[in-house]
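What the coordinates show
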Amino acid sequence: MKTLILLLGLTTMACAQFNRFTTPYPQPTQYYNPNYYGRPFYAILRQTQDSSPDGSYSYSYDTENGISVAETGQPKNIGPNQIEAVRGQFSYTAPDGTPILVTYTADENGFLANGAHLPTPPPIPVAIQRALAHNAAHPEEEEPYRRY
């Protein structure tokens, strides 16, 4: 009986080895498709980046299709909090051929972008300006909280 089990085990191992070399393996799936979006790739012509131990940094790059980006940032302490004060710009050519240049800052006042192509808000009507000036000149007195 032991011999039969040993013979059956050796036969199974031999068949497994034989099938290993004769069974074709499926081709591995390519998980990364470099042309996923169907757009061409553009080379980076120039790239610089620098970071300091104090938290400040700067980087810039230019690509062969005309995109140019530059940004600098440094930490800024405001009271107990620390924020990153950032200044930068980027430029490219729009599909209609218009050159686009955007400069921006991001600090304790939020993100502020400037560019000739960005829309501007309409002017504040005169009546609302007068109402705002009146409210600033006559602040309401704060009433103490009512306790019931």
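Conventions used here
Residues numbered from 1 in each chain as written. Predicted model: local features only at pLDDT ≥ 70, side-chain atom pairs only at ≥ 80, totals over all residues. Heavy atoms only, no water. Helix = DSSP H or I, 4+ residues; strand = E, 2+ residues; numbered from the N terminus. Buried < 20%, exposed > 50% of the residue type's maximum accessible area, 1.4 Å probe, protein only. Contact = heavy atoms within 4.5 Å. Polar contact = N/O pair within 3.5 Å; in protein donor to acceptor, adjacent residues only side chain to side chain. Salt bridge = Lys/Arg side-chain N within 4 Å of Asp/Glu carboxyl O. Phe/Tyr/Trp six-rings, centres within 6.5 Å; stacked < 30°, edge-to-face > 60°. Pairing = 2+ DSSP bridges. Axes fitted to C-alpha atoms, helices over the stretch in contact; angles between N-to-C directions.

What follows concerns the environment of lysine 76. With respect to the helices and strands, lysine 76 occurs in strand E3 (residues 68-78). The class for lysine 76 is partly exposed, based on a relative accessible area of 33%. With 21 residues separating them along the chain, lysine 76 and glycine 55 place their C-alpha atoms 9.6 Å apart. Non-local contacts of lysine 76, meaning those with residues more than four positions away in its chain, are made with Asn81, Gln82, Ile83, Ala85 and Glu108. A distance of 3.2 Å separates a polar atom in the side chain of lysine 76 from a polar atom in the side chain of glutamate 108.

The next subject is the pattern of salt bridges. Side-chain pairing between opposite charges can occur once the charged atoms of the two side chains come close. Scanning the entire structure with this criterion turns up 2 salt bridges. With a shortest N-O distance of 3.0 Å, aspartate 62 and arginine 46 are connected by a salt bridge. Of this pair, aspartate 62 sits in strand E2 (residues 57-63) while arginine 46 sits in strand E1 (residues 44-51), and the two are 16 residues apart along the sequence. Among the residues examined, arginine 46 registers a relative accessible area of 37% and is labelled partly exposed. Between lysine 76 and glutamate 108 there is a salt bridge, with its nearest N and O atoms 3.2 Å apart. Linking lysine 76 in strand E3 with glutamate 108 in the loop between strand E5 (99-107) and strand E6 (110-114), this pair joins segments that are 32 residues apart in sequence.

Our next topic: the side chain of serine 60. In this fold, serine 60 is placed in strand E2. Judged by its relative accessible area of 10%, serine 60 falls in the buried class. In this structure the side chain of serine 60 is engaged in a polar contact, spanning 3.2 Å, whose partner is the side chain of arginine 46. Apart from the residues lying within four places of it in its own chain, the contact partners of serine 60 are Arg46, Gln47, Thr48, Val69 and Ala70.

Another point: the packing of aromatic side chains. Here a ring pair, both rings aromatic, is described through the centre-centre distance and the interplanar angle of the planes. Inspection of the entire model under this criterion finds 4 aromatic pairs. Centroid distance phenylalanine 90 to tyrosine 92: 6.4 Å. Interplanar angle 10°. Geometry classified as stacked. Through a chain of ring-to-ring contacts, three or more aromatic side chains come together here, namely Phe90, Tyr92, Tyr104 and Phe111.

Our next topic: the sheet that holds E2. If you walk across this open sheet you meet the 6 strands as E1-E2-E3-E4-E5-E6, and the pairing is antiparallel. Each edge of the open sheet is held by one strand with a lone partner, namely E1 and E6. Adjacent strand axes in the sheet meet at a mean angle of 10°, parallel and antiparallel pairs treated alike. Pairing between E3 and strand E4 (residues 81-93): 11 bridges, direction antiparallel. Within the sheet, the bridge partner assigned to lysine 76 lies in E4 and is isoleucine 83.

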